[in-house]
Amino acid sequence: MKAIKEFFRKRMVALKRKPQTIPLVVLIVTFLIYALNLRIISDTTARINMTGMGLAGFATMLLSILSFVCFLNAFPHRKPVNIPMLVLFFIMQIVVGFCNRYYYSKVIQAIVNEGAKAADMLKKNVFIAKAYKMLGVHFIFIIITVALVALLPLYSKLLRKIKTSIDVAGNDSMGAIEISDEG
């Protein structure tokens with residue numbers, strides 16, 4: 001039990017020192033949601049083939065990768081926050097969100113255009129329904145990532161208030177120790 005408590009205490013100390021780890025982990029999850037479903041996006045683009053879908057998918061993937069670079073450069077080790085990189089990160093995330101919504105709207109438009117055949121189209125092309133759901137989840141994670149980065153100063157102060165020091169027996173009587181000048 002002590003080992004488990006010590007493990008979590010060490011993780012909390014690490015979070016207190018680098019609170020930007022929390023949004024970084026969510027950014028990684030957001031990227032993986034899209035990257036691991038890229039085949040579904042490609043198949044949907046090939047099947048629906050509406051204007052700008054391929055470009056929106058490409059921009060989402062490219063800017064998701066570049067967001068990592070901006071995020072890591074925005075929070076350098078033992079240096080203050082790099083504001084231009086942080087602004088660039090937010091701009092990229094906004095563009096990724098816009099591309100996501102654009103692609104999402106094209107999927108909806110294709111389903112609506114099929115009319116009575118929409119159920120048949122979705123039955124034959126299950127990947128379109130999966131892409132539709134995945135894009136919704138991805139957009140939610142984009143919002144969560146942006147919110148966590150924007151609120152970083154707030155919850156980093158709250159994390160610092162958490163007590164992570166260890167009470168060592170015998171530290172109470174430190175004042176009682178006499179230093180003698182024997183020589």
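Each remark here, short or long, concerns the structure printed above.
Residues numbered from 1 in each chain as written. Predicted model: local features only at pLDDT ≥ 70, side-chain atom pairs only at ≥ 80, totals over all residues. Heavy atoms only, no water.

**Student:** Sorry, what's going on with the packing of helix α3 (residues 38-48) against helix α7 (residues 126-150) here?
**Tutor:** A pair of packed helices can be characterised by two numbers: the angle between their axes and the separation between those axes. Relative to each other, α3 and α7 sit at 120 degrees, their axes nearing to 9 Å. The orientation of α3 relative to α7 falls into the category oblique. With respect to the hand of their crossing, α3 and α7 are arranged in left-handed fashion. For the pair formed by α3 and α7, the contact residues are I40, I41, D43, T44, R47 and I48 on the first element and F127, I128, K130, A131, M134 and L135 on the second. A per-class count over the contact of α3 with α7 returns eight nonpolar, one polar and three charged. (Axes fitted to C-alpha atoms, helices over the stretch in contact; angles between N-to-C directions. Helix = DSSP H or I, 4+ residues; strand = E, 2+ residues; numbered from the N terminus. Parallel < 35°, antiparallel > 145°, perpendicular 65-115°, else oblique. Left-handed = near helix turned anticlockwise from the far one by under 90°. Contact = heavy atoms within 4.5 Å. Nonpolar A, V, L, I, M, F, W, Y, C, P; charged D, E, K, R; others polar.)

**Student:** Would you mind showing me how to read the pattern of salt bridges here?
**Tutor:** Opposite charge on two side chains allows them to pair when their charged atoms are near. Using the criterion set out here, one finds one salt bridge in the structure. Among the salt bridges present, the one from R9 reaches E6, with a minimum N-O distance of 2.8 Å. Taken together, the residues R9 and E6, both in helix α1 (residues 2-17) and three residues apart, mark about one turn of the helix. Accessibility expressed as a relative area gives 27% for E6, which makes it partly exposed. (Salt bridge = Lys/Arg side-chain N within 4 Å of Asp/Glu carboxyl O. Buried < 20%, exposed > 50% of the residue type's maximum accessible area, 1.4 Å probe, protein only.)

**Student:** How should I be thinking about the side chain of Q93 in this particular structure?
**Tutor:** Relative to the assigned elements, Q93 resides in helix α5 (residues 83-114). Given the relative accessible area of 3%, Q93 is considered buried. In contact with Q93, not counting residues within four places along its chain, are L27, S67, I142 and V146.

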